[in-house]
Amino acid sequence: MRAQRHRLTMTLQQLSAMSGVSVGYLSQVERGNATPTLGTLTQIAQALEVDAGYFVRPPRAVDSLTRGAGRPKFAVAGSSIEYEQIGAERAGHELTSFVMNVPPGYESEVVTHIGEEIIYILEGEISQMVGEREYLMGVGDSLHYLGSTPHCWSNKTSRLARILWVGRMQYDKSGEIGQLEATQHETMREMLPLRP
């Protein structure tokens, strides 16, 4: 990441402005003290004028069918999350989807981007923050939210959690976030009830 930033003669402040990721967090990533999620890595890659495959190349499915026993798996170097690829990478497709295997104690960074996400809990429990609200989610629970609201999640339990994640993210439009937040934030707060 640092090498590509230097090739573009880009400062951390410029990379932060273009990616929507804080200077402090970018500095930690460059020093190897933090490992971004795949989503944040994609934001950084977009700002550095490369695709996410520059940092990690997930296996490509030959066609749209994946089998549970032989599903392609990969991880971001240094991260404890294992991703299972369930969507096909084809030109024109806008949705991305993974099964995420989240170990106990994992906490993601706060992310903001244009687009939307849906998560569905397959196993275990997850604490999902969207804006200022926390959603405690168990097996069978789902959440659909807009990426323009700051969000993060964690596994506060002692057991592995598995999440089906589906999203449509437009990192190249991250500069538009400020324009959308005002109109979308109120809709988000009304749309999602807290789990009892």
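Residues numbered from 1 in each chain as written. Predicted model: local features only at pLDDT ≥ 70, side-chain atom pairs only at ≥ 80, totals over all residues. Heavy atoms only, no water.

### Re helix α2 (residues 12-19)
Okay, step 1: By the burial criterion, the buried members of α2 are Leu 12, Leu 15, Ser 16 and Ser 19. For α2, the arc enclosing every buried residue in end-on projection is 100 degrees, short of the 170-degree limit, so these residues lie on one face. Summarising the geometry of α2, the exposed residues directed more than 90 degrees from the buried face are Gln 13 and Ala 17.
Okay, step 2: Contacts from the buried residues of α2 go to α1 (2-7), α3 (23-30) and α4 (38-47). (Buried < 20%, exposed > 50% of the residue type's maximum accessible area, 1.4 Å probe, protein only. Helix = DSSP H or I, 4+ residues; strand = E, 2+ residues; numbered from the N terminus. Arc of directions from axis to C-beta. Contact = heavy atoms within 4.5 Å.)

### What to know about the packing of α2 against α4
Okay, step 1: Where α2 meets α4, the closest approach of the two axes is 8 Å, and the angle between their N-to-C directions is 115 degrees. In terms of orientation, α2 and α4 fall into the roughly perpendicular class. When the axes of α2 and α4 are compared, the crossing they make is right-handed. Where α2 approaches α4, its residues Leu 15, Met 18 and Ser 19 are matched on the opposing element by Gln 43, Ile 44 and Ala 47.
Okay, step 2: Among the residues making up the contact of α2 with α4, the classes are represented as 4 nonpolar, 2 polar and no charged. (Axes fitted to C-alpha atoms, helices over the stretch in contact; angles between N-to-C directions. Parallel < 35°, antiparallel > 145°, perpendicular 65-115°, else oblique. Left-handed = near helix turned anticlockwise from the far one by under 90°. Nonpolar A, V, L, I, M, F, W, Y, C, P; charged D, E, K, R; others polar.)

### A closer look at the environment of Ser 148
Okay, step 1: Within the secondary structure, Ser 148 is located in the loop between β7 (142-146) and β8 (151-154).
Okay, step 2: Overall, Ser 148 belongs to the buried group, its relative accessible area being 3%.
Okay, step 3: Remark: the alpha-carbon pair of Ser 148 and Gly 115, spanning 33 residues in sequence, is separated by 7.1 Å.

### Some words on the packing of aromatic side chains
Okay, step 1: In total, this model carries 3 aromatic pairs according to the counting rule given.
Okay, step 2: Measuring from ring centre to ring centre gives 5.6 Å for Tyr 83 and Phe 98, while their planes differ by 70 degrees; the resulting arrangement is edge-to-face. Of this pair, Tyr 83 sits in strand β2 (residues 82-85) while Phe 98 sits in strand β3 (residues 96-102), placing them 15 residues apart in sequence.
Okay, step 3: On the basis of relative accessibility, which here comes to 3%, the residue Tyr 83 falls in the buried class. (Phe/Tyr/Trp six-rings, centres within 6.5 Å; stacked < 30°, edge-to-face > 60°.)

### Some details on the nonpolar core
Okay, step 1: Core analysis: the biggest nonpolar cluster contains 23 residues, and Tyr 83, Met 100, Val 102, Trp 153 and Ile 163 have the highest contact counts within it.
Okay, step 2: Put simply, the parts of the chain that give this core at least two residues each are α4, β3, β4 (115-123), β5 (126-130), β6 (133-137), β7 and β9 (161-169).
Okay, step 3: For Val 102, the residues in contact, after removing those within four places along its chain, are Ile 126, Trp 153, Asn 155, Arg 159, Leu 160, Ala 161 and Ile 163.
Okay, step 4: Core analysis: the second largest hydrophobic core is formed by 14 residues, Met 10, Val 29, Ala 45 and Ala 47 among them. (Core = buried A, V, L, I, M, F, W, Y, C linked by side-chain atoms within 4.5 Å.)

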